[in-house]
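In case you want the letters, here they are:
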Amino acid sequence: MKTIEIPYYTSHMELHVDEKNLKAVIRAKMHEFRTEKTETEIVKEAMDNPIGTPKLEELAKGKKKVVIVTSDHTRAVPSKITLPLELAAIRKGNPDADITILIATGLHRPTTEEEQRRMFGDEIVDHEKIVVNKAFEPDQFVMMGVLPSGAEFHVNKLAAEADLLITEGFIEPHFFAGFSGGRKSILPGVCSAETVNENHSYKAIASPYAKTGVLEHNPIHEDMVRAARMVNVQYILNVALNAEKKVIAAWAGDLEQAHAEGVAFIRKWSQCESITGDIVVTSNGGYPLDQNLYQSPKAVATAEACAGDDGVIIMCCSCVDGMGGTHFAELIRMGTPEEIDAYLSKIPSKETIPEQWCPQIYARILHKHKMILVSKLDEETVRACNMIPAKSADEALKIALEMKGQDASVVVIPDGVSVLAVAPEGK
């Protein structure tokens, strides 16, 4: 019997698989990446050697309104490390700069003060100006133009009016934007609900190029880049994280050049050959991405790549914060996967419902695969989402083996968010 630790909330749960069933355990090589440098040293080195721009202190000279866009409570950005370094660099170049930290929420709920203190530390919360983006409050936004898709670009006024706009984040494979990081801080980060919705329309999500690891011809990525350029992002600071959410690499500088360097690193260290199993077990990497069901398709899409035509997917996602979105919660429970997809496919891009991308992706996956959800959600809610509830990874595996047979092959992807699964060459 093989024991495998599956990330779950702030810890992990154990999965016990008979060795005769276990076909593969797939982990990103990134979790094996080792460096002798501290996290602070890694970030500082990136800032001392920016790609395609002057150093941040040089950019800050003469700039009055400076805005740093950072991620919200659903992301593991190490802001306790990055923000003090950025703030110090800005003030070194311009001691009188008026600095605002703008929290990029996308369509998520506002980040609470308690969460801000956990993310940034008391020193920053008590002494810096912090604003939370609220996508559903129209007066926060200004129209900047039209994006390649035809979507209107409405962005937070603070970002639009900044003399120096900086973004920070981390890069990982993303199941419809290709990769996170860089331009994504602006769209969806600090855009209005209307702009985010249209960027995440049924047509965009259904594009064959809107998938993990793909940037070229990806309509969602193309809109994001244009939006970030239109609002004049002058400097980014992005990092790569290991399984313990520790910084192992960092890139600073130009929006596209620095992000491209980071993407190349992530692709090298996260890309794994997909191995097909009758049962695929995965997680969203634990806290903070497994707080709700709305975030969970990230890892489920990775499992899908290894589940063949009708494999059973087991998803371990704590959902301690519930469903994660009112519209998502309604849409995912409105009928069968086929009925959900048929309904969403008829919605014009400019009338996109907030959060509909999530049930759209789930409907696609659930059309082919049974899914067992290990979470803290009540059983009735899970079943209403066309999923099978389980209280532990072992219970879920027992259910899956009853469905697929006791000799079924099992593939385990402990952290499905960190893995870029690609088909073997020639297949």
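Predicted, not measured: the structure shown is a model, and the values here were computed from it.

**Let's talk about the overall build of the protein**
So, step 1. A count of helices and strands for the protein gives 16 helices and 20 strands.
So, step 2. Its C-alpha atoms put the protein at 70 × 50 × 45 Å along the principal axes.
So, step 3. Residues classed as buried in the protein amount to 61% of the 427 residues present.
So, step 4. Long-range pairs, those at least 24 residues apart, make up 75% of the contacts in the protein between residues at least 6 apart in sequence.
So, step 5. Summing over all exposed atoms, the protein offers an accessible surface of approximately 17,400 Å²; the carbon and sulfur share of this is 49%.
So, step 6. If the 46 positive side-chain charges of the protein are averaged to one point and the 61 negative ones to another, these points end up 2 Å apart.

**Quick look at the UniProt feature "domain: Lactate racemase C-terminal" (unreviewed entry) in the protein**
So, step 1. Annotation from UniProt places "domain: Lactate racemase C-terminal" (unreviewed entry) at residues 274–420.
So, step 2. Within residues 274–420, the helical portion is 35% and the strand portion 15%, while the C-alpha atoms at the span's ends are 9 Å from each other.

**Description of the sheet that holds strand E12 (residues 233–241)**
So, step 1. Taking strand neighbours across the sheet as the criterion, the six strands line up as E6-E5-E4-E9-E12-E13 in an open arrangement whose pairing is mixed. Bordering the open sheet on either side are strand E6 (129–132) and strand E13 (247–253), each of which pairs with just one other strand. For this sheet, the mean inter-axis angle between neighbouring strands, taken without regard to orientation, is 20°.
So, step 2. Relative to E6, strand E5 (residues 98–104) runs parallel, the two being bridged by four bridges.

**Quick word on the pairing of strand E4 (residues 65–71)**
So, step 1. In terms of residue burial, E4 counts as a mostly covered element, since six of its seven residues are buried.
So, step 2. Here E4 pairs with E5 via seven bridges, running parallel. Paired with Val-67 across the two strands is Thr-100, which belongs to E5.
So, step 3. Where E4 and strand E9 (residues 164–170) come together, four bridges link them in parallel fashion.

**Things to note about the side chain of Ser-71**
So, step 1. Inspection of the secondary structure assignment puts Ser-71 in strand E4.
So, step 2. Since its relative accessible area comes to 16%, Ser-71 is described here as buried.
So, step 3. If sequence neighbours within four positions are ignored, Ser-71 has contacts with Val-77, Ile-103, Ala-104, Met-119, Glu-168 and Gly-169.

**Some thoughts on the packing of helix H3 (residues 79–93) against helix H4 (residues 113–120)**
Helix-helix packing: each pair is described by the crossing angle between the helix axes and the interaxial distance.
So, step 1. Relative to each other, H3 and H4 sit at 75°, their axes nearing to 7 Å. The orientation of H3 with respect to H4, classified from their angle, is roughly perpendicular. From H3, Ser-79, Lys-80 and Leu-83 reach across to H4, where they touch Arg-117, Arg-118, Met-119 and Phe-120.
So, step 2. Grouping the constituent residues of the contact of H3 with H4 by class yields three nonpolar, one polar and three charged.

**A closer look at helix H11 (residues 297–304)**
So, step 1. With eight of its eight residues buried, H11 lies for the most part within the structure.
So, step 2. Here H11 has its buried residues at Pro-297, Lys-298, Ala-299, Val-300, Ala-301, Thr-302, Ala-303 and Glu-304.

**Considerations on unusual backbone geometry**
Among all residues except glycine, the phi angle is most often negative; among peptide bonds, the trans geometry is most common.
So, step 1. Here Leu-187 and Pro-188 are connected by a cis peptide whose omega angle stands at 15°.
So, step 2. Mapping Pro-188 onto the fold places it in the loop between strand E11 (178–179) and helix H7 (193–199).
So, step 3. Look at the link from Tyr-287 to Pro-288: it is a cis peptide, with omega at 5°.
So, step 4. Following the sequence through the fold, Pro-288 ends up in the loop between strand E15 (279–283) and H11.
So, step 5. Phi is positive for Cys-319, which is not a glycine, with a value near 55°.
So, step 6. Position of Cys-319 among the secondary structure elements: in the loop between strand E16 (312–316) and helix H12 (326–331).
So, step 7. Take Cys-319: its relative accessible area is 3%, and that puts it in the buried class.

**Looking at the state of the cysteines**
So, step 1. All chains considered together, the criterion is met by zero disulfides.
So, step 2. Free of any disulfide, Cys-272 has its nearest neighbouring cysteine sulfur in Cys-306, separated by 8.9 Å.
So, step 3. Judged by its relative accessible area of 10%, Cys-272 falls in the buried class.

**Examining the nonpolar core**
So, step 1. By size, the foremost hydrophobic cluster in this structure holds 85 residues, and its most contacted members are Ile-186, Leu-293 and Tyr-362.
So, step 2. Of the residues forming this core, the biggest block, six residues, is contributed by helix H14 (residues 357–366).
So, step 3. Per-domain counts for this core show at least three residues from each of domain 1 (2–26 + 275–422) and domain 2 (39–269).
So, step 4. If near-sequence neighbours (up to four positions away) are discounted, Ile-186 is found in contact with Val-69, Phe-153, Val-155, Leu-165, Thr-167, Cys-191, Ala-227, Ala-228, Val-231 and Val-233.

Criteria and cut-off values
Residues numbered from 1 in each chain as written. Predicted model: local features only at pLDDT ≥ 70, side-chain atom pairs only at ≥ 80, totals over all residues. Heavy atoms only, no water. Helix = DSSP H or I, 4+ residues; strand = E, 2+ residues; numbered from the N terminus. Buried < 20%, exposed > 50% of the residue type's maximum accessible area, 1.4 Å probe, protein only. Contact = heavy atoms within 4.5 Å. Areas by Shrake-Rupley, 256 points an atom, 1.4 Å probe, with all protein chains shown as cover. Lys, Arg positive; Asp, Glu negative; His and termini not counted. Charge placed at Lys NZ, Arg CZ, Asp CG, Glu CD. UniProt positions renumbered as here; feature names shortened; annotations may be inferred. Pairing = 2+ DSSP bridges. Axes fitted to C-alpha atoms, helices over the stretch in contact; angles between N-to-C directions. Parallel < 35°, antiparallel > 145°, perpendicular 65-115°, else oblique. Nonpolar A, V, L, I, M, F, W, Y, C, P; charged D, E, K, R; others polar. Disulfide = S-S within 2.5 Å. Core = buried A, V, L, I, M, F, W, Y, C linked by side-chain atoms within 4.5 Å. Domains from an automatic or database assignment.

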